[in-house]
Amino acid sequence: MEARMLLDNLDVGVVAIAPAWTIVEWSAPAARIAGIPADQVLGKGFWVAFPTAKGTHVEQILQDVMFDGRPRAYLTPSRALEFKGKVFETHVTRGPRNHLFLALREMRAELSPESQAGHILTAFEHERRFYRQLFDALPTPALVLSLDGQILEANPQATELLGAAQSDTLRGRQLVDWTPAAERSAFATALREAMRQRQRMRLTIESASEGPREVEAVIENVDLTDPKGIPRLLFLAVDVSREVLLQRKLVQADRLSQLGALVSGVAHELNNPLAAIAAFAELLTVDAKDSHLRESTDIIHAEAMRAGRVVQTLLDFARQRPRVHEPVDLQDIVERVLALQRSALKRARVKTVVTMPDDLPAVIGDPQELQQIVLNAVVNGIDAIEAGGRPGSITIEARRTDGHISFTVDDTGPGLSPEALERVFEPFFTTKGDRGTGLGLTISLGLVKALGGRLWLQNVEGGGARLTAELPAEAVAREREPRSGFQPAGRRLSVLIVDDEASVRRGMTLMAERLGHEVRTVSDLKSALASLRDPGSRYDALLVDVHLDEAHTGFDLFEELLQEGRGRERHVVFTTGDSVSVTTRDRLQRSERPVLKKPFNLEELREMLERVAG
């Protein structure tokens, strides 16, 4: 009879293990008793096929027989369904060429359930099931590791954390396979130190399905009762990725708050000289006879106004205020965002194309929120093109469709994978690695939905991605305000200008006089009150700066006019280069007076003066 047939017809299972711990024989009875087919173990390392045996008495016995050649035996529960709840005995001997031979036989039939051994085995099985259920029911990821970091057991939470389909596929693998190379040395040290005392550490887990996850880990030696045994380590992890991201966002928010305070403080100092530059430049442009001089002054005026818009955009971003719903010029929003991103666009070699019809209706929404939506779209486009390493373009289009405005931002980047397209609006999902927070599109989606619109992302043919927002539009398209030039004043007005900056005061004076008005200027509250109390004085409009000096503000003058009860407060127009501070904003709202934000042009000044003069 052939040796194979003989082995397969024995009542005892036979296993042979080579000196390199490779399984070279696995008989049919061994497969039946152990519940594992031969093709799953033959040719594999014993500790890979049986990772749960590592760090137990089984490993100790096998190592001892390999060392001294003295036969030994041990009992283990069977994994086979037909032997469920039963145990089998394994005899281990050392044979030729230092091979280990294991003989497996089922023991349950020889043990009476009423016997002492039967009671012990039954109690052991109940305890084993209880602790297995307890291990699997843990709400946090839990692993049992060998001293070298090999995974012996994994509960469902740990299986999910490591991105595996089943826990069985994790047994025998090294946990360091999921950790960055830079953290592996510290992890190995923590495993060794855990033999003596509990270890706590922060570790990065890199899962292909979820991306990097940061965990707070506790490593505990759970084999303290047997000082000679091989230790098994319990690895408990708490996923703190979202907490870390939220902490970073809080730090970022604090920095943004500080930046907002800084911007608020310097805005007045920036916008006042910009207002003077813009005023003198525009006046020179209007009155210039020489074409070259007109071109130069026109450029000076345009750049001063652009700088003012950048400062105002920064103020808008820093401002904390309640949400409003009002008509918003979408083209103005796009111009502001592109002005802020000018250097980033140049650095990434990105060309922008903006296509919007002149009769495009206003969008009904919050200006600051619309600015955030457009900014997120443009930044994502820049990042996508920059990641490709080649020049590209961003195309921004808007058109009216059935009571809405369809707003699209196309980039010529590489586009997104199907998996990424399905998840781009999930919180904390990002394709940018450490550079991204995974919140930009999530925030944009929430803002668009709050406006009553829709937002979606798709790849475009030929490469790139397209973000489309469907936004509510104003029912009737308003005539767009002129962006340059001015009209003469309809009638001559008497104007009082109150501003502490001499250059700004002079520039505003020349602008008002160029419009045909009679102007008087003062620099402080005391002079303003004296001028207003002059019996012969009568002013159709008062241009009052919000910040006058350290002791007084324009609101002090406004309160004086309220107290006198003659209605002259209705002719006040506040001018300011800082509208971000809470105090200033609240007092402006309570005054219910119009505001000219510095810098402003002749047309804006003409329209405002005519409005308050009645």
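Residues numbered from 1 in each chain as written. Predicted model: local features only at pLDDT ≥ 70, side-chain atom pairs only at ≥ 80, totals over all residues. Heavy atoms only, no water.

Q: Is there a simple way to think about the overall build of the protein in this case?
A: When helices and strands are counted, the protein shows 19 helices and 22 strands. A total of 614 residues make up the protein; the buried ones form 45% of that total. Of the accessible surface of the protein, which amounts to about 32,400 Å², a share of 53% is contributed by carbon and sulfur atoms. (Helix = DSSP H or I, 4+ residues; strand = E, 2+ residues; numbered from the N terminus. Buried < 20%, exposed > 50% of the residue type's maximum accessible area, 1.4 Å probe, protein only. Areas by Shrake-Rupley, 256 points an atom, 1.4 Å probe, with all protein chains shown as cover.)

Q: How do you make sense of the pattern of salt bridges when you look at a structure like this?
A: Side chains carrying opposite charge are able to pair once their charged atoms draw close together. This model, assessed by the stated rule, comprises 21 salt bridges. Among the charged side chains, a network of salt bridges with common partners joins R202, E214 and E216. (Salt bridge = Lys/Arg side-chain N within 4 Å of Asp/Glu carboxyl O.)

Q: Would you take a moment to explain the pairing of strand β2 (residues 23-26) for this structure?
A: Sheet faces and side chains relate simply in a regular strand, where the side chains alternate between the two faces. Here three bridges tie strand β1 (residues 13-17) to β2, and the two strands are oriented antiparallel to one another. Across the sheet, the residue bridging to I17 is I23, located in β2. Where β1 folds back on β2, the antiparallel hairpin that results is connected by five residues, among which W21 adopts a positive phi of roughly 65°. (Pairing = 2+ DSSP bridges.)

Q: How do you make sense of unusual backbone geometry when you look at a structure like this?
A: Peptide bonds are, in most cases, trans, and in most cases residues other than glycine have a negative phi. Along the chain, K598 connects to P599 via a cis peptide bond; the corresponding omega equals -10°. Within the secondary structure layout, P599 lies in the loop between β22 (595-597) and α19 (602-613). Even without being a glycine, R97 presents a positive backbone phi close to 55°. Position of R97 relative to the elements: it lies in the loop between β4 (87-94) and β5 (100-106). Phi at E592 is positive, roughly 55°, even though this residue is not glycine.

Q: Sorry, what's going on with the sheet that holds strand β17 (residues 465-472) here?
A: Reading across the sheet, the five strands line up as β12-β14-β15-β17-β16 and stay open at both edges, with mixed pairing between neighbours. Of all the strands in the sheet, the pair left with one neighbour each is β12 (350-355) and β16 (454-459). Between one strand axis and the next, the sheet turns through 15° on average, direction left out of account. Across the sheet, helix α12 (residues 367-388) is in contact with β12, β14 (392-401), β15 (404-411) and β17; its angle to β14 comes to roughly 145°. (Axes fitted to C-alpha atoms, helices over the stretch in contact; angles between N-to-C directions. Contact = heavy atoms within 4.5 Å.)

Q: What exactly am I supposed to notice about the confidence of the model for the protein here?
A: Regions with low pLDDT should not have their predicted coordinates read in detail. With 81% of its residues at a pLDDT of 70 or more, the protein shows a mean pLDDT of 82. This model gives residues 80-84 a pLDDT under 50, and the stretch forms ten contacts once residues within four places in sequence are excluded. (pLDDT = per-residue confidence, 0-100.)

Q: Got a minute to help me understand empty space enclosed by the protein in this structure?
A: One water molecule sets the probe size; rolling that probe over the atoms shows where empty space is left. Counted under the stated rule, the structure contains one cavity of 30 Å³ or more. Empty space within the largest cavity amounts to approximately 40 Å³. Lining of the largest cavity is provided by A275, A276, A279, S503, V504, G507, M508, M511 and F600. Elements with a minimum of two residues in the lining of the largest cavity: α8 (241-287) and α15 (502-514). A total of five residues in the lining of the largest cavity trace back to one element, the largest contributor, which is α15. In terms of residue class, the lining of the largest cavity is built from seven nonpolar, two polar and no charged. (1 Å grid on protein atoms, 1.4 Å probe; cavity = no way out; pocket = protein on both sides within 12 Å on 5 of 7 lines; lining within 4 Å. Points joined across faces, edges and corners; volume = space filled by probe spheres on them. Nonpolar A, V, L, I, M, F, W, Y, C, P; charged D, E, K, R; others polar.)

Q: Even after reading the chapter, I still don't get the sheet that holds strand β20 (residues 541-545), so can you show me in this structure?
A: Where strands meet in a sheet, backbone hydrogen bonds hold them as pairs that are either parallel or antiparallel. Pairing is parallel in the open sheet, where five strands are placed in the order β19-β18-β20-β21-β22. Each edge of the open sheet carries a strand with a single partner, namely β19 (518-522) and β22. If you compare each strand with its neighbour and ignore which way they point, the axes differ by 20° on average. The sheet contact formed by strand β18 (residues 494-498) and β20 spans four bridges and is parallel. Paired with I497 across the strands is L543, a residue of β20. Along the sheet, α15 makes contact with β18, β19, β20 and β21 (572-576), crossing β19 at roughly 170°.

Q: Would you mind going over the environment of V353 with me for this structure?
A: With respect to the element layout, V353 can be found in strand β12. Through-space distance from the C-alpha of V353 to that of E397 is 8.3 Å; in sequence the pair is 44 residues apart. Setting aside residues up to four positions removed in sequence, V353 forms contacts with I394, T395 and I396.

Q: Honestly, the nonpolar core in this entry has me stumped. Any pointers?
A: Nonpolar side chains in soluble globular proteins generally cluster together in the buried interior. By size, the foremost hydrophobic cluster in this structure holds 40 residues, and its most contacted members are M356, V378, I394, I396, F407 and L471. Elements that contribute at least two residues to this core include exactly α10 (330-340), α11 (342-347), α12, β14, β15, α14 (440-450), β16 and β17. For this core, the element with the highest residue contribution is α12, accounting for eight residues. For V378, the contacting residues outside a window of four places in its chain are V337, L338, Q341, I394 and I396. (Core = buried A, V, L, I, M, F, W, Y, C linked by side-chain atoms within 4.5 Å.)

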